[in-house]
There are 2 protein chains.
Amino acid sequence: MSQNRFQNLYPPMPSIFMAPTEIMYDAKHLFLFSHTQGVKKPYKEVIDICWGDAHSGGTKPLTFVRQVIAVCIYPELLQETTIAPDVKERARRLLRECPGGSVGKYCVCGIPFVQDGVCEFISKRDGGVPSYPEDIFICSGSQNALMFVLKLLVHGKGLAQTGVLTPIPCYPTFVMGLTELGAAMVPYYLCEDDGWCLHVEELRRALATSRSHCNPRILYVINPGNPTGHVQSRESIEEVIRFAAEEELFIFADEVYQDMMYAEGSQFVSYKKVLFEMGPQYSNTVELASFHSVSKGIMGECGLRCGYVELVNLDPSVKQSVTSAFNTERNTAVIGQIALNIMVDPPKPGDPSYPTFSQVSLHETVEALPGTSFQAGSGGIYAYLRLDLPQKALLQAKEEGTDPDLMYCSRLLEEEGVCLVVGKEHGQQEGTYHIRICIGTTSTRLKEVLRRLKSFHLRFLNEFS
Amino acid sequence: MSQNRFQNLYPPMPSIFMAPTEIMYDAKHLFLFSHTQGVKKPYKEVIDICWGDAHSGGTKPLTFVRQVIAVCIYPELLQETTIAPDVKERARRLLRECPGGSVGKYCVCGIPFVQDGVCEFISKRDGGVPSYPEDIFICSGSQNALMFVLKLLVHGKGLAQTGVLTPIPCYPTFVMGLTELGAAMVPYYLCEDDGWCLHVEELRRALATSRSHCNPRILYVINPGNPTGHVQSRESIEEVIRFAAEEELFIFADEVYQDMMYAEGSQFVSYKKVLFEMGPQYSNTVELASFHSVSKGIMGECGLRCGYVELVNLDPSVKQSVTSAFNTERNTAVIGQIALNIMVDPPKPGDPSYPTFSQVSLHETVEALPGTSFQAGSGGIYAYLRLDLPQKALLQAKEEGTDPDLMYCSRLLEEEGVCLVVGKEHGQQEGTYHIRICIGTTSTRLKEVLRRLKSFHLRFLNEFS
Ligand SMILES: Cc1ncc(COP(=O)(O)O)c(C=O)c1O
Ligand SMILES: Cc1ncc(COP(=O)(O)O)c(C=O)c1O
């Protein structure tokens, strides 16, 4: 098997602000490859903690989810005595709701029962704000949903090219999607010194600047943030909505980390809830798309590919186009929809499967490292650390013709067998350097990562001091 | 549950040549709805035999497929004594090949092991013609694959608009896809009197005509045909390839029904095989995309959403775009890929699961009906019947402001509870009328359909004679 075969397992790097990161990816593949080929290293196992992929991080899949799907796939398992009654009940119910009682049939654009479940979930989450099945589009992951909706809005060239206000730092796949679709990325910077807050003045600045080269129409926000982990307050969301209303921007609220709040006392509030509580002036006019996914949250099932988008206040003709685009693609697997149903309606305390279900958790506390600064977030699955690199290290990187954070991460991989994501990949302010750690992993693993990182970091500082 | 909720289960009708068919779909939904509400009818069960969906037709899913997936989803089943050793072996192997040993992780663009299996399958099928993993793109169904590749080729407006030569009759989803992407559909007619053969003169005519309004670049062929069931001979394929080479057309060979040959002595030959046997003048130049899917063939798993496209002789820059588009969308579920692996490498005679596997078959013989004409196909899962409707029936339809075949099908549904697809939906020559029956069903069911159809048909002829 040749080395380039690994590339399929990872996404290619977006070209917008991160060409150098390709080197890191290549290094990683080569490295992982040579490692599996038995090249001797001072550690036993390479820890790849790049991706927001809970199972890669060592978290176990939820038994309830896997059992229900197994029974739906192979209904003979309904006879098994080892499988809990609530698992069987859910599987029976879901099979009844699948067209023709099987997961093997076309179900073009969402099983109505699953859509209904999503609505109930949203409405309960938002304290009773209604949610309608015809606004819910179930698709093959939230990335797929993002692309669907973007595809329908993005058009034009030059001054007419659709601009998308995009937070920096931002995870790279979204930026790749924008490039793919021919949208103009309009960067707005999150304020690191203020715990990665979103400031409306910065949105205003970005918008004004962008008008000289494109037509800004969409405002993309990630809450809780990736990679920052920052969770927006209700007041911040209100401000953003008011701004979007004034400027007639369509809000894309990427809320895939909504179920992953770990800071004591902090709470996730959805854009939709805030929008509806701001009264009809806003709730009847501001266009909003909110995204969620089974890849994240309590189950972390990235391989099943299912998510949804709720569309609010859409122009009826655009809505019609969305409906027809979803129907034409028909790519959502029925099994993913089953996972979605469990995500929005998990077992409750008292159900036989409840203990197994709640025992596995992604929430972990993060420890800060010496010689770095860290704006602790309160949700999501990432810790985003700033590296304060010594002048000598910056010079060395320059000499090697590489970026300082890339050099840092390559060495970390080489010397300690830990793969992290280079800040450059998310975009960062000139002269600042960051690394992203996925904390959606077991505590044992996270401790080991921090142990290796610390040992490397001290050595690195020492070398360049 | 309101009636319009059913619409999500069915695709909307394409607007190009079939606006009236919407009425049939609406009628069907309303009808199925009223039926479930207990409106009395002279039959117990409505038989919906519209779709190319084997499980809807009553065919049972293959035990081996379902067991392997269940084990991969819930590996604790490896302990079960009731599950055959070859099932466990395959599941273990596949889990080893999934990133991190789980079906729950991102696996952006195909598991290398599954890609390798596809290559071996193709190469064996084509008598040794090599197939390379980097040419195989695994995706969320063949419709998804078609859209992916089309998306990269279709562009322009007016005379520069990409034209796609499309067989008539053709299943509607493809045509919807073309509309969605802004391609010009260039119809070429299959020759009904010659058993639905593809004649190169007709291609030439269609191409010449199209040049006055678009830029024809793609030639779409379906072999075995949907809805015709016609299987192309090697000579016919050679002719088509020569034509494509002369006219610099990119061939899209939709070969999803390749494993479903039912006529004695007839054989499926792939476009790729013929292309390679025609020598380097063709095999090194003609661009070819060949599509296959787990929705069809021996397993009929439409709900799992997985297929592949093999791309041959692609321009490297286009190939690069395809790769990046596949990676950006990342919507193929790992479970679908497992099904794909089994499709291309099913249990062999002697394996414990072999008997269960081969016992379920989609191949059924079709009986012709009196008062209709039928060009029997030799592959695929459809029978396409021509209705020779009496003059009085045509007048009645005109009076009702509807299409004769639509009137026929609506009544068939109303009076006998059988849903078929109206020929109008596939496109047909002016003044001819057809119906499509999906024969990918159990023999008991097919017999019942034919019994009801016959009884209705005789009554209908009688009424209008
Ligand atoms: C903020 C955010 N949105 C969307 C996605 C895409 O997730 P998926 O397509 O698996 O649902 C990710 C993946 O990491 C993400 O971090
Ligand atoms: C000829 C043909 N190609 C492609 C498809 C799409 O199949 P899928 O997307 O399920 O693989 C169909 C579906 O009926 C078909 O008949």
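The name given to chain A in an unreviewed UniProt entry is alanine transaminase, with the source organism recorded as Scleropages formosus. For the record of chain A, the UniProt heading Pathway (unreviewed entry) holds the text "Amino-acid degradation; L-alanine degradation via transaminase pathway; pyruvate from L-alanine: step 1/1." Comment text from UniProt for chain A, heading Subunit (unreviewed entry), reads "Homodimer."

Caption draft 1: Structural context of the overall build of chain A. Counting secondary structure elements, chain A contains 16 helices and 13 strands. Expressed as a percentage of its 465 residues, the buried residues of chain A come to 62%. In chain A, once contacts between residues fewer than 6 apart in sequence are set aside, the share between residues at least 24 apart is 73%. Carbon and sulfur atoms provide 51% of the accessible area of chain A, an area that totals close to 17,100 Å².

Caption draft 2: Structural view of the site of ligand 2. The immediate surroundings of ligand 2 are formed by 14 residues, with Y106 of chain A together with D254, Y257, S293 and S295 of chain B found nearest. The environment of ligand 2 is shared, with nearby residues belonging to chains A and B. In this structure, Y106 of chain A approaches ligand 2 through a side-chain N or O atom, which is 2.6 Å from an oxygen atom. Measuring from an oxygen atom of ligand 2, one finds a side-chain N or O atom of S293 of chain B at 2.5 Å. In isolation ligand 2 offers 400 Å² of accessible surface; the protein chains occlude 97% of this area. Grouping the constituent residues of the shell around ligand 2 by class yields five nonpolar, six polar and three charged.

Caption draft 3: Up close: the layout of surface pockets. By volume, the largest pocket is sized at about 1,000 Å³. Counting only elements with at least two residues in the lining of the largest pocket, the list comes to helix 5 (142-153), helix 6 (172-181) and helix 11 (316-329) of chain A together with helix 5 (142-153), helix 6 (172-181) and helix 11 (316-329) of chain B. When grouped by side-chain class, the residues that make up the lining of the largest pocket number nine nonpolar, 10 polar and eight charged.

Caption draft 4: Quick look at the side chain of H230 of chain A. On the secondary structure map, H230 of chain A appears in the loop between strand 5 (215-222) and helix 8 (234-247). Apart from the residues within four sequence positions on either side, H230 of chain A is in contact with G195, W196, C197, N223, P224, G225 and G377 of chain A.

Caption draft 5: Representation of the sheet that holds strand 10 (residues 382-387) of chain B. Residue and element names in this part refer to chain B. Pairing is antiparallel in the open sheet, where four strands are placed in the order 9-10-13-12. Each edge of the open sheet is held by one strand with a lone partner, namely strand 9 (372-374) and strand 12 (421-422). Against the sheet, helix 15 (residues 404-416) makes contact with strand 10, strand 12 and strand 13 (433-438), and its axis sits at roughly 40 degrees relative to strand 13, the strand it touches most.

Caption draft 6: Spotlight on the pairing of strand 2 (residues 136-139) of chain A. Residue and element names in this part refer to chain A. On strand 2, burial covers both faces: I136 and I138 on one face and F137 and C139 on the other are all buried. Sheet topology places strand 2 next to strand 8 (residues 307-312); four bridges connect them, and they run antiparallel. Bridge pairing links I138 to Y308 in strand 8.

Caption draft 7: Quick peek at the packing of helix 11 of chain A against helix 6 of chain B. Interhelical geometry of helix 11 of chain A versus helix 6 of chain B gives an angle of 135 degrees and a closest axis separation of 10 Å. Put simply, helix 11 of chain A runs oblique to helix 6 of chain B. Handedness of the crossing formed by helix 11 of chain A with helix 6 of chain B: left-handed. Taken together, the residues of helix 6 of chain B that come into contact with helix 11 of chain A (itself represented by S324, A325 and T328 of chain A) are T173, M176, G177 and E180 of chain B. Residue composition of the contact of helix 11 of chain A with helix 6 of chain B, grouped by class: two nonpolar, four polar and one charged.

Caption draft 8: Region of interest: the packing of aromatic side chains. All names here are of chain A. Inspection of every chain in the model, using the stated rule, returns 19 aromatic pairs over all chains. Judged by centre distance (4.9 Å) and plane angle (55 degrees), the rings of F460 and F464 are tilted. Taken together, the residues F460 and F464, both in helix 16 (residues 443-464) and four residues apart, mark about one turn of the helix. You'll find F460 and F464 in the same group, each marked buried.

Caption draft 9: Spatial organisation of the side chain of E80 of chain A. In this fold, E80 of chain A is placed in the loop between helix 2 (63-73) and helix 3 (85-97). Buried charge without a partner: E80 of chain A forms no salt bridge, and the closest opposite charge is K88 of chain A, 7.5 Å away. Discounting residues that sit within four places of it in the chain, E80 of chain A has contacts with K88 of chain A together with E80 and T82 of chain B.

Caption draft 10: Expanded view of the nonpolar core. Ranked by size, the top nonpolar core spans 86 residues in total, and within it L340 of chain A together with L340 of chain B carry the most contacts. If near-sequence neighbours (up to four positions away) are discounted, L340 of chain A is found in contact with V114, V118, I138, V294, C306, G307 and Y308 of chain A.

Caption draft 11: Broad picture of the domain arrangement of chain A. All names here are of chain A. Domain boundaries assigned for chain A yield domain 1 (19-48 + 364-463) and domain 2 (93-344). Put simply, the middle of domain 1 and the middle of domain 2, counted by C-alpha atoms, are 30 Å apart. At the junction of the two partners, domain 1 supplies 19 residues and domain 2 supplies 26 residues. Summing both partners gives a buried area of about 1,900 Å² for domain 1 against domain 2, and 55% of it is carried by carbon and sulfur. In terms of surface lost to domain 2, no three residues of domain 1 exceed Q375, S378 and Y382, which account for 32% of the buried area on that side. We note a salt bridge from R386 to E192, for which the minimum N-O separation is 3.0 Å.

Caption draft 12: Inspection of the site of ligand 1 at higher detail. Around ligand 1, the surrounding shell holds 14 residues, and the nearest of these are S142, D254, S293 and S295 of chain A together with Y106 of chain B. Residue neighbours of ligand 1 fall on chains A and B, so the site bridges chains. Residue K296 of chain A places a side-chain N or O atom 2.9 Å away from an oxygen atom belonging to ligand 1. Interatomic distance of 2.6 Å between a side-chain N/O atom of Y106 of chain B and an oxygen atom of ligand 1. Protein chains bury 97% of the 400 Å² of accessible surface belonging to ligand 1 in isolation. Looking at side-chain class alone, the shell around ligand 1 contains five nonpolar, six polar and three charged residues.

Caption draft 13: View of the pattern of salt bridges. Residue and element names in this part refer to chain B. For the coordinates displayed, the defined rule picks out 44 salt bridges over all chains. Taking the shortest distance from any N to any O, the salt bridge between D135 and K319 comes out at 2.9 Å. With a gap of 184 residues between them, D135 in the loop between helix 4 (112-125) and strand 2 (136-139) and K319 in helix 11 connect regions that are remote in the sequence. Owing to a relative accessible area of 14%, D135 belongs among the buried residues under this scheme. As a salt-bridge pair, E277 and R234 come within 2.6 Å of each other at their nearest N and O atoms.

Caption draft 14: Up close: the confidence of the model for chain A. All names here are of chain A. The pLDDT averaged across chain A works out to 85; a share of 86% of its residues lies at or above 70. Here residues 1-24 is a poorly scored stretch, pLDDT under 50, and it has 73 contacts once near neighbours within four places are set aside; other chains count. This model gives residues 357-366 a pLDDT under 50, and the stretch forms 31 contacts once residues within four places in sequence are excluded.

Caption draft 15: The packing of helix 5 of chain B against helix 11 of chain B, seen in detail. All names here are of chain B. Two elements in contact, helix 5 and helix 11, have axes whose closest approach is 10 Å; the angle formed by their N-to-C orientations is 130 degrees. The orientation of helix 5 relative to helix 11 falls into the category oblique. Seen along the crossing, helix 5 lies across helix 11 with a hand that is right-handed. Residues F148, K151, L152 and L153 of helix 5 touch helix 11, and the partners they reach there are V318, S321, V322, A325, F326 and E329. When grouped by side-chain class, the residues that make up the contact of helix 5 with helix 11 number seven nonpolar, one polar and two charged.

Caption draft 16: Examining the pairing of strand 3 (residues 162-168) of chain B more closely. All names here are of chain B. Of all seven residues in strand 3, seven are buried, a share of seventy percent or more. Side chains of strand 3 alternate between two faces, with T162, V164, T166 and I168 and G163, L165 and P167 buried alike. Inspection of the sheet shows strand 3 paired to strand 5 (residues 215-222) by four bridges, in the parallel sense. Bridging across to strand 5, L165 finds its partner in L219. Relative to strand 4 (residues 184-189), strand 3 runs parallel, the two sharing six bridges.

Procedures and definitions
Residues numbered from 1 in each chain as written. Chains lettered and ligands numbered in written order. Predicted model: local features only at pLDDT ≥ 70, side-chain atom pairs only at ≥ 80, totals over all residues. Heavy atoms only, no water. UniProt positions renumbered as here; feature names shortened; annotations may be inferred. Helix = DSSP H or I, 4+ residues; strand = E, 2+ residues; numbered from the N terminus. Buried < 20%, exposed > 50% of the residue type's maximum accessible area, 1.4 Å probe, protein only. Contact = heavy atoms within 4.5 Å. Areas by Shrake-Rupley, 256 points an atom, 1.4 Å probe, with all protein chains shown as cover. Near = heavy atom within 4 Å. Polar contact = N/O pair within 3.5 Å; in protein donor to acceptor, adjacent residues only side chain to side chain. Nonpolar A, V, L, I, M, F, W, Y, C, P; charged D, E, K, R; others polar. 1 Å grid on protein atoms, 1.4 Å probe; cavity = no way out; pocket = protein on both sides within 12 Å on 5 of 7 lines; lining within 4 Å. Points joined across faces, edges and corners; volume = space filled by probe spheres on them. Pairing = 2+ DSSP bridges. Axes fitted to C-alpha atoms, helices over the stretch in contact; angles between N-to-C directions. Parallel < 35°, antiparallel > 145°, perpendicular 65-115°, else oblique. Left-handed = near helix turned anticlockwise from the far one by under 90°. Phe/Tyr/Trp six-rings, centres within 6.5 Å; stacked < 30°, edge-to-face > 60°. Lys, Arg positive; Asp, Glu negative; His and termini not counted. Salt bridge = Lys/Arg side-chain N within 4 Å of Asp/Glu carboxyl O. Core = buried A, V, L, I, M, F, W, Y, C linked by side-chain atoms within 4.5 Å. Domains from an automatic or database assignment. Buried area = accessible area lost by both parts, 1.4 Å probe. pLDDT = per-residue confidence, 0-100.

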